Amino acid sequence: MPHFRLDDGTRDVVGKEIAERTASSVLDSDDNEAILANIGAHVLRNHLPGQILAALESFPVTGHHALVLNNLPRQEFPATPVHGYGDEPALAVVNSVHLGLIQLLGMTPYAVDYENRGRLMRNVVPNPAAAGTTSSWGADSEFFWHTDNPHLPFGEAGLDPRGYVPRYLTFYAVRNDERVPTEIAAVEELIELLDAALLAGLERPHFVVGSPDSNDFADSPQLIEHSPILERDGISRHRARYDSGTTRGESPEAEETLHRLTEALDRVRGSELVLEPADFLVFDNYRVLHRRRAFTPGPAPTARWLRRCYAS
Ligand SMILES: [Fe+2]
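Every chain begins its residue count from 1, and numbering advances along the sequence as written. Totals for whole chains, interfaces and linings use all residues, but because this is a predicted model, local features are given only for residues with pLDDT of at least 70 and pairs of side-chain atoms are given and counted only at 80 or more.

All right, on to the overall build of the protein then. Where helices and strands are cited, they refer to DSSP runs of H or I of at least four residues and of E of at least two residues respectively, numbered from the N terminus. The helix and strand inventory of the protein stands at seven helices and 16 strands. For this measure, only C-alpha atoms enter the radius of gyration; the expected value for a globule follows 2.2 Å times N^0.38, where N is the number of residues. Radius of gyration (C-alpha) of the protein: 19 Å, near the 20 Å computed for a compact globule of 312 residues. By its C-alpha atoms, the protein is 60 × 40 × 35 Å across when sized along the principal axes. Scored against the burial criterion, the 312 residues of the protein give a buried share of 44%. Note that contacts rest on C-beta atoms placed from the backbone: two residues are in contact if these are within 7 Å. Of the contacts formed within the protein by residues at least 6 apart in sequence, a portion of 80% connects residues at least 24 apart. To sort residues by burial, count the other C-beta atoms lying within 10 Å of each one's C-beta; a count of 20 or more means buried, 12 or fewer means exposed, and anything in between means partly exposed. C-beta atoms are built from the backbone.

Residue position: Leu199 is located in helix 6 (residues 196-203). C-alpha of Leu199 to C-alpha of Thr257: the two residues are 58 residues apart in sequence and 9.0 Å apart in space. Residue contacts for Leu199: discarding those within four places in its chain leaves Ile191 and Leu194.

Strands were regarded as paired on the criterion that DSSP finds at least two bridges between them. Ordered in space as 9-8-12, the three strands form an open sheet in which the pairing is antiparallel. At either end of the open sheet lies a strand with only one pairing partner, and these are strand 9 (223-227) and strand 12 (247-249). This sheet shows a mean twist of 15 degrees between the axes of neighbouring strands, independent of strand direction. Pairing analysis gives three bridges linking strand 8 (residues 207-210) to strand 12, with the strands arranged antiparallel. Following the sheet pairing, Phe207 is matched in strand 12 by Gly249. Only the stretch in contact is used when fitting a helix axis, every axis being a line fitted to C-alpha atoms; angles between N-to-C directions are given from 0 to 180 degrees.

Two numbers describe a pair of packed helices, the interaxial angle and the distance between the axes. Viewed as axis vectors pointing N to C, helix 2 (residues 33-47) and helix 4 (residues 92-104) meet at an angle of 75 degrees, and their least axial separation amounts to 6 Å. By the angle between their axes, helix 2 is roughly perpendicular relative to helix 4. From helix 2, Glu33, Leu36, Ala37, Ile39, Gly40, Ala41, Val43, Leu44 and Arg45 reach across to helix 4, where they touch Ala92, Asn95, Ser96, Val97, Leu99, Gly100, Leu101, Ile102, Gln103 and Leu104. Among the residues making up the contact of helix 2 with helix 4, the classes are represented as twelve nonpolar, five polar and two charged. What sets the label is the angle itself: under 35 degrees gives roughly parallel, over 145 gives roughly antiparallel, 65 to 115 gives roughly perpendicular, and the rest give oblique. For this classification, Asp, Glu, Lys and Arg are treated as charged, while Ala, Val, Leu, Ile, Met, Phe, Trp, Tyr, Cys and Pro are nonpolar and the rest, including Gly, are polar.

Spatial strand order, 5-15-7-13: four strands in an open sheet with antiparallel pairing. Every interior strand has two partners, whereas the edge strands, strand 5 (143-146) and strand 13 (271-273), have only one. Taking the axes of each pair of neighbouring strands and ignoring which way they run, one obtains an average angle of 20 degrees across the sheet. In this sheet, strand 13 lies alongside strand 7 (residues 182-186) in antiparallel orientation, the contact comprising three bridges.

Take the UniProt feature "binding site: Fe cation" (unreviewed entry) in the protein next. UniProt positions are given in the numbering used here, feature names are shortened, and annotations may be inferred rather than shown by experiment. Mapped onto this numbering, the UniProt entry gives "binding site: Fe cation" (unreviewed entry) at His290. Structurally, His290 can be placed in strand 15 (residues 288-292). In this structure His290 comes out as buried when scored by C-beta crowding, with 21 C-beta atoms within 10 Å.

Moving on: the pairing of strand 7. Most of strand 7 is tucked away, with four of its five residues classed as buried. Where strand 7 lies against strand 15, four bridges are found, and the strand directions are antiparallel. When the bridges of strand 15 are listed, Ala186 appears paired with Val288.

Structure, rendered in structure tokens:
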């Protein structure tokens, strides 16, 4: 996995320049997304080392599963918006950094109307209202290995991404005093743990995969039937759709396959990424499983806070 760290000098120059360019107007992440992205991409392109720029630009075609960039600019941060939504214009600097990085990755950020009230930026926070749920707003329940929104069809380049499984998940970490890891594992790591019969079982279209807790509308698009868990993309790489809470077998045999999958997933090690403030992470949600273990949130104003944006 490509993993880079900005030196402090570059971080400070980028942060100062983006702050100056965003200071004179109100820039909202939903209404002014393109302006924020263009400012961020412009400044980052001018100052990031060529090696990092090349890694970002080539990421979607390299086949890498994830990329991490540490020590980005930060800014004055308000209290963690534990109820889910906060003052977006107050986060113009980090939104510009985040959206600028997505632009340098050659990706399009997007929101979906079935989640997060249609807002572009998801505050991944321990929301008291989500206690006991497996959601990006949860904390006290383990969110076992899964892919996000696995109940939708897989998309491809050149389509409106909103009706498909989100291709990439991007994160900017604001605070993580609890040091909760974001765990990611390549689909290939799972496959290496499967015997031929189990792999074949997971490739059979005899599963139902439903929408996750984070979907706002109980009646929005809602499950996919007669689906495999593992399938091949157009260039023969495996991709996965899976959420243990919403995936069922359509026959006793399929249920047994799911049971054996759970056992295999328990042996997946993956990578534990403890995101620090001002770290950026992007991973391929078609070819990576992720999980978050249960944790005890710190005091609400400084509780764990990641910013997530879908990209395609
Ligand atoms: Fe997730």
